[in-house]
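Next come the chains, spelled out residue by residue.
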Amino acid sequence: MNDQTPILEIKGIGEKTARLFHKLDIDTVGDLLAHYPRDYERFDGPRQIREVVPGETEAVNGTVLAVPNIKKIRNLNIMNVLIRDGSGSMQLTFFNMPYLLKRFQPGKTFVFRGKVQTKGPALIMEQPRVYSSEEYAKFTGRLQPRYALTKGLTNQAIQKAVQKALEDYAFEEEYFPGAILEEMELTGLSEAIREIHLPRDAESARRAHRRLAFEEFFAFLLLLRKNKDLSNSLPNGYPMFETADTVRYIDSLPFRLTAGQKQVWQEIRDDMEGPRCMNRLVQGDVGSGKTIIALLALLMTAANGYQGALMAPTEVLAVQHFESVKRDTEKYKLAFRPVLLVGSMTAKEKKEAYAKIASGEANLIIGTHALIQEKVSYQKLALAVTDEQHRFGVRQRETLAEKGLSPHVLVMSATPIPRTLAIILYGDLKISVIRELPADRLPIKNCVVNTSYRAKAYQFIANQVSQGHQAYVICPQVEEGEMTDLENVADYAEKLRSALPPSVIVAHLHGKMRPAEKNRIMEDFAARNIDVLVSTTVIEVGINVPNATVMMVENAERFGLAQLHQLRGRVGRGDAQSYCIFVSADEKKETMERLEILNHSNDGFHIASEDLKLRGPGDLFGVRQSGDFAFRVGDIYDDSELLKKTSDLVDRLLDQDPDLSLEVHRPLRVHFENTDRNKVDFRTI
Ligand code: ADP
Ligand code: MG
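## Digging into helix α11 (residues 290–303)
Right, on to step 1. Here α11 spans 20 Å end to end across 14 residues, near enough to the 20 Å set by a 1.5 Å rise per residue.
Right, on to step 2. Taken across its 14 residues, α11 has 12 buried, putting it largely inside the fold.
Right, on to step 3. Those residues of α11 lying buried are Lys-290, Ile-292, Ile-293, Ala-294, Leu-295, Leu-296, Ala-297, Leu-298, Leu-299, Met-300, Thr-301 and Ala-302.
Right, on to step 4. At the C-terminal side of α11, Gly-305 shows a positive phi close to 90 degrees.

## Here's the deal with the site of ligand 1
Right, on to step 1. In the vicinity of ligand 1 there are 17 residues, among which Arg-256, Gly-287, Thr-291, Arg-441 and Arg-573 approach most closely.
Right, on to step 2. One nitrogen or oxygen atom from the side chain of Gln-261 is found 2.8 Å from a nitrogen atom belonging to ligand 1.
Right, on to step 3. A distance of 3.0 Å separates an oxygen atom of ligand 1 from a polar side-chain atom of Asn-544.
Right, on to step 4. In isolation ligand 1 offers 570 Å² of accessible surface; the protein chains occlude 87% of this area.
Right, on to step 5. Classifying every residue of the shell around ligand 1 by side-chain character gives 5 nonpolar, 7 polar and 5 charged.

## Quick look at the sheet that holds strand β11 (residues 307–311)
Strand pairing within a sheet occurs via backbone hydrogen bonds; the two strands may be parallel or antiparallel.
Right, on to step 1. Spatial ordering of the open sheet is given by β12-β13-β11-β14-β15-β10-β16, a layout of 7 strands whose pairing is parallel. Looking along the sheet, the strands with just one partner apiece sit at the ends: β12 (338–341) and β16 (430–434). Here the average twist between neighbouring strands, direction ignored, is 20 degrees.
Right, on to step 2. Both β11 and strand β13 (residues 364–367) contribute to a ladder of 4 bridges, which runs parallel. What sits directly across from Met-311, in β13, is Gly-367.
Right, on to step 3. The strands touched by helix α10 (residues 259–273) are β10 (279–284), β14 (381–387), β15 (408–413) and β16; relative to β16, the strand with the most contacts, the crossing angle is about 155 degrees.
Right, on to step 4. On top of the sheet, α11 reaches β10, β11, β13, β14, β15 and β16; it is set at about 165 degrees to β15, its chief contact.

## Side note on the pairing of strand β20 (residues 532–535)
Right, on to step 1. Side chains of β20 alternate between two faces, with Val-532 and Val-534 and Leu-533 and Ser-535 buried alike.
Right, on to step 2. In this structure, strand β18 (residues 470–474) lies alongside β20, joined through 4 bridges in parallel fashion. The residue bridging Ile-474 from the neighbouring strand is Ser-535, located in β20.
Right, on to step 3. Sheet topology places strand β19 (residues 506–509) next to β20; 4 bridges connect them, and they run parallel. The partner of Ala-507 across the bridge, within β20, is Leu-533.
Right, on to step 4. The handedness of the β19 to β20 crossover, carried by helix α18 (residues 515–526), is right-handed.

## Focus on the domain arrangement of the protein chain
Right, on to step 1. Partitioning the protein chain into structural domains gives domain 1 (7–41 + 143–199), domain 2 (44–130), domain 3 (234–434) and domain 4 (445–601).
Right, on to step 2. In this structure, domain 1 and domain 3 have C-alpha centres spaced 39 Å apart.

## A closer look at the nonpolar core
Right, on to step 1. Within the largest apolar cluster, 90 residues are counted, with the highest numbers of intra-cluster contacts made by Ile-268, Tyr-472 and Leu-564.
Right, on to step 2. Of the residues forming this core, the biggest block, 10 residues, is contributed by α11.
Right, on to step 3. Looking at which domains feed residues into this core, each of domain 3 (234–434) and domain 4 (445–601) supplies at least three.
Right, on to step 4. With near-sequence residues (within four places) excluded, Ile-268 lies in contact with Met-278, Arg-280, Val-282, Ile-293, Ala-297 and Leu-410.
Right, on to step 5. Counting 72 residues, the second-largest nonpolar core is a separate cluster that includes Leu-20, Leu-153, Ile-196 and Leu-224.

## Focus on the confidence of the model for the protein chain
Right, on to step 1. For the protein chain, mean pLDDT is 86; residues scoring 70 or higher make up 90% of the total.
Right, on to step 2. Within the model, pLDDT remains below 50 along residues 617–627, and this stretch shows 37 contacts once partners closer than five positions in the same chain are excluded.

## Examining the packing of aromatic side chains
Right, on to step 1. Going through the model one piece at a time under the given rule, you end up with 20 aromatic pairs.
Right, on to step 2. Between Phe-43 and Tyr-136, the aromatic rings sit 5.8 Å apart at their centres with planes inclined by 45 degrees, giving tilted as the arrangement. Here Phe-43 is found in the loop between β1 (39–42) and β2 (57–64), whereas its partner Tyr-136 is found in helix α4 (residues 133–139), with 93 residues between them in sequence. Like Tyr-136, Phe-43 is buried.
Right, on to step 3. Residues Tyr-472 and Phe-525 carry aromatic rings whose centres are separated by 5.0 Å and whose planes lie at 50 degrees to one another, so their mutual orientation is tilted. With a gap of 53 residues between them, Tyr-472 in strand β18 and Phe-525 in helix α18 connect regions that are remote in the sequence. Assigned by exposure class, Tyr-472 and Phe-525 land together as buried.
Right, on to step 4. An aromatic cluster of three or more residues is present, and its members are Tyr-175, Phe-176, Phe-214, Phe-218 and Phe-672.
Right, on to step 5. The ring of Phe-43 carries the charged tip of Arg-113 above its face, separated from the ring centre by 4.1 Å.

## As for the pairing of β14
Right, on to step 1. Within β14, 7 of the 7 residues are buried, leaving the element largely enclosed by the surrounding structure.
Right, on to step 2. Both β11 and β14 contribute to a ladder of 5 bridges, which runs parallel. Bridge pairing links Ala-309 to Ala-384 in β14.
Right, on to step 3. The sheet contact formed by β14 and β15 spans 5 bridges and is parallel. Residue pairing in the sheet places Ala-384 in a bridge with Val-409 of β15.

## Side note on the pattern of salt bridges
Right, on to step 1. All told, the structure shown has 26 salt bridges when counted by the stated rule.
Right, on to step 2. A salt bridge links Arg-211 to Glu-215; the nearest nitrogen and oxygen atoms lie 2.9 Å apart. In this pair, Arg-211 and Glu-215 both sit in helix α8 (residues 202–232), 4 residues apart, roughly one turn of the helix. Taken individually, Arg-211 and Glu-215 each receive the classification buried, so the pair is uniform in this respect.
Right, on to step 3. A salt bridge links Asp-655 to Arg-225, with the nearest nitrogen and oxygen atoms 3.4 Å apart. Of this pair, Asp-655 sits in helix α22 (residues 640–656) while Arg-225 sits in helix α8, placing them 430 residues apart in sequence.
Right, on to step 4. Of the residues examined, Asp-655 reaches a relative accessible area of 58% and is grouped as exposed.
Right, on to step 5. Among the charged side chains, a salt-bridge network with shared partners connects Asp-39, Glu-41, Arg-113, Arg-129 and Arg-146.

## Description of α18
Note that an α-helix has 3.6 residues per turn; residues three or four places apart therefore point the same way.
Right, on to step 1. Spanning 12 residues, α18 covers 16 Å between terminal C-alpha atoms, matching the ideal 16 Å at 1.5 Å per step.
Right, on to step 2. Restricting attention to buried positions, one finds in α18 the residues Lys-518, Asn-519, Ile-521, Met-522 and Phe-525. Here the buried residues of α18 occupy an arc of 165 degrees about the axis, which is enough to place them on one side.
Right, on to step 3. Tucked into the core, α18 has its buried residues touching α12 (315–332), β18, β19, β20 and β21 (548–553).

Calculation criteria
Residues numbered from 1 in each chain as written. Chains lettered and ligands numbered in written order. Predicted model: local features only at pLDDT ≥ 70, side-chain atom pairs only at ≥ 80, totals over all residues. Heavy atoms only, no water. Helix = DSSP H or I, 4+ residues; strand = E, 2+ residues; numbered from the N terminus. Expected span 1.5 Å × (residues − 1). Buried < 20%, exposed > 50% of the residue type's maximum accessible area, 1.4 Å probe, protein only. Near = heavy atom within 4 Å. Polar contact = N/O pair within 3.5 Å; in protein donor to acceptor, adjacent residues only side chain to side chain. Areas by Shrake-Rupley, 256 points an atom, 1.4 Å probe, with all protein chains shown as cover. Nonpolar A, V, L, I, M, F, W, Y, C, P; charged D, E, K, R; others polar. Pairing = 2+ DSSP bridges. Axes fitted to C-alpha atoms, helices over the stretch in contact; angles between N-to-C directions. Contact = heavy atoms within 4.5 Å. Right-handed = clockwise from strand over helix to strand, strands pointing away. Domains from an automatic or database assignment. Core = buried A, V, L, I, M, F, W, Y, C linked by side-chain atoms within 4.5 Å. pLDDT = per-residue confidence, 0-100. Phe/Tyr/Trp six-rings, centres within 6.5 Å; stacked < 30°, edge-to-face > 60°. Lys NZ or Arg CZ within 6 Å of the ring centre and 35° of its normal. Salt bridge = Lys/Arg side-chain N within 4 Å of Asp/Glu carboxyl O. Arc of directions from axis to C-beta.

Okay, here's the thing in structure tokens:
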């Protein structure tokens, strides 16, 4: 078996299972082995009930005390079981599992594993998993991988498929020279792939992570280096001059540009008027007003008779940009002839859009990935803007640029990263920073609370709504087969409806909805037809509804701080006082300390670095900071040291051997030319 072998050839996988795997984008053995665990679960030996810590997932060895008590509420079957060990007792609750009754005979002993909670003075577990002592002993002391799942495909099924695939897998020969492996302290490739899935222990999982993260960084940086050399040498193919259009637009805005915005706008004009092709990143905290900067650049492009494109990472965001551009175009008589291009449009709508793009009838094209598909051909694309660019891989950014003949490139990002990292990650770009927020912004008021505060929070939301404002409530994504204490958005919205006055309109949104449905809900929210929006993190980036003043985040402990900060950035975008309520279901000291950082700072750069200090680098089992950047294993915060070292290595390597043609580097070149995963085109280096 090799990377290209279809998974159907793995023993035990039939057509039906293969279709389920396909939903996870897994079609080949290579895809499967690159489906790395999200995290690991460690099965420690059972503990005394007296010693368990509320909030932690623990195993206890308990004897059933009495015949379980069963209650029925509508179609819910609730079974309560009291257990005891030598040190104390605990109450277990099972939902809709009546068949367990036969198993739970008084006097029988089992290992119960689940999250410990408290109910008054009592210790409880909901839906714990049940094992016999012998069964549990088999797991003890090992790390069990936990994979991203899809409905119908269990963690166990994935684990088994991986195990089977590994048995017959012909590992690629190591392609990094020994000297590099040694210098960077890396394990071999085959060991890393095996150990990321089936680690012997935490240390070996960490080593596997390091090797795979290194590989991602290495490929990324090679590509970047290529871009850098290329873009530094490109002449300005679309020289522009400033027209009255942008001046008039700025004058008619309901606000004045901040000093930071003015400065960045100046830098962009200089680029587009200057001798070289623009390659610029605009970095500015959430709410700093990056959109208007992009629009000014696009307007200058249109006014000079060219086309500009604005690519957003989600449809919701693309539609929002499009709607607001359309409004501004009419209101201020701007020179835009905008067109929208997103995946959910009908074939006919798309065809019309393609025609307008090809003929030049459209001079501003706004959309998602759809913008870079083959069918789209531009008449004279002179500026490609990507919003929240870190969500796109380098390659996607590159493809948009390739749609034109080296157009100017502008990328916008709110990812808070220290300058040293920015230089590495955006090595091919010049960086502009907007430091301040518009002056009329009141700092967001934050609080970190436990779940007992919910009722109060709802009251607070009702209050804000009665004053004409709107609110978001964020729930973590629910994955099939995941822990049950996670709040599912639909259920949550239902619960919220009954807790709020009937006049408050609650709706919900999640990632799996059809894009058209998502767009409709977002538009309704923006139009104030919805008061409270319960959502997963799909609204995380870019969404701009300045009338929303409350952001409540459930299970805040499950998010990275950088991500929470992005979420918080959805409020405080207008002149009204805004509030952020972080609800933590986990009252451990470290968790609260982490979340407190958010409480004390509204500065994204500061937050990211404080979090890193608190956790220390290389905390493999910590919360991933965010889904930023297209890395699957590597995390720019947690693995920042590795990233820096890899960057130095790549620079040195390419200085010595620019096209990797030396004998020792040949396998490296062959690998990165041919792999699907991290392919690099060496012809242009
Ligand atoms: P982000 O940088 O997060 O993309 P946006 O560009 O969406 O932020 O701007 C957030 C809000 O601030 C928008 O409603 C925008 O109209 C407004 N805004 C932008 N610049 C200013 C400014 N100089 N003064 C006041 N409001 C501004
Ligand atoms: Mg934005």
